[in-house]
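Take a look at the letters that make up each chain.
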Amino acid sequence: MKNTGTLKVTTPTEREVVMTRVFDAPRRLVFDALTKPELFKRWFGPRGWSLAVCEIDPKAGGAWRWVLRGPDGTNMGMRGVYQEIVPPERLVSSEKFDDYPGESLNTLVLLEQGGKTTLTITVLYESQEIRDAVIKSGVEHGAAECYDKLAELLASRGTPGLEKGASPS
């Protein structure tokens, strides 16, 4: 896994990681792919991994739970609660991994211009130590691969639930 250069990753403060990616799709389709389990499970996770659990309740106070399963059977679980959802432009949620310390606050913003959508996610960690441990774990490469898979899904407009005329969430 590596970042193909389509994902920009910065660390603007000692507790934050900001990831930005442009998709060739309207933001309502990107939003749907982020909030509809039937679409989310088609792109989330590095290649070779599957999403064994995909629960998403996209409303303020709604919980989400995902468990990735690796090719060797290893599970990696994470969960959180949505604090704010503004379709199709903003998702704010907590995030906690089952086997890693700390909890982060994730603020995802979608901006559309000329039919392309810029996704920016700001992840705020409890401490610089936790942020640095996450960076060392290879999050950039895993996220880049996930977003590459999302771009592939968005390019296939014939996907059920992702047609050009699909209703926004």
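Coordinates for the structure precede this section.
Caption draft 1: Spatial organisation of the overall build of the chain. For the chain, the count of helices and strands is 4 helices and 8 strands. Listing every helix and strand of the chain by position from the N terminus yields β-β-α-α-β-β-β-β-β-β-α-α. Among the 169 residues that make up the chain, the fraction classed as buried is 40%. Considering only contacts in the chain between residues 6 or more positions apart, those separated by 24 or more positions represent 48%. Only carbon and sulfur atoms are counted for the fraction: they give 52% of the accessible area of the chain, which is about 8,600 Å².

Caption draft 2: Structural view of the packing of aromatic side chains. Throughout the structure, instances matching the rule amount to 9 aromatic pairs. Aromatic pair Phe23 and Tyr147: ring centres 6.0 Å apart, planes at 75 degrees, arrangement edge-to-face. Highlighted residues: Phe23 in strand 2 (residues 16-23) and Tyr147 in helix 4 (residues 139-155), separated in sequence by 124 residues. The class of Tyr147 is buried, set by a relative accessible area of 8%. A connected cluster of aromatic rings, assembled from ring pairs, spans Phe23, Phe40, Trp43, Phe44, Trp64, Trp66 and Tyr147.

Caption draft 3: Local environment of the sheet that holds strand 5 (residues 75-86). Strand order across the open sheet formed by 8 strands is 1-2-8-7-6-5-4-3, with antiparallel pairing between neighbours. Edge strands, defined here as strands with exactly one partner in the open sheet, are strand 1 (8-10) and strand 3 (50-56). Neighbouring strand axes in the sheet, compared pairwise and without regard to direction, differ in orientation by 20 degrees on average. The pairing of strand 5 with strand 6 (residues 90-97) spans 6 bridges and is classified as antiparallel. Paired with Glu84 across the strands is Val92, a residue of strand 6. Along the sheet, helix 1 (residues 27-35) makes contact with strand 2, strand 3, strand 5, strand 6, strand 7 (104-113) and strand 8 (116-124), crossing strand 7 at roughly 155 degrees.

Quick notes on the rules
- Residues numbered from 1 in each chain as written.
- Predicted model: local features only at pLDDT ≥ 70, side-chain atom pairs only at ≥ 80, totals over all residues.
- Heavy atoms only, no water.
- Helix = DSSP H or I, 4+ residues; strand = E, 2+ residues; numbered from the N terminus.
- Buried < 20%, exposed > 50% of the residue type's maximum accessible area, 1.4 Å probe, protein only.
- Contact = heavy atoms within 4.5 Å.
- Areas by Shrake-Rupley, 256 points an atom, 1.4 Å probe, with all protein chains shown as cover.
- Phe/Tyr/Trp six-rings, centres within 6.5 Å; stacked < 30°, edge-to-face > 60°.
- Pairing = 2+ DSSP bridges.
- Axes fitted to C-alpha atoms, helices over the stretch in contact; angles between N-to-C directions.

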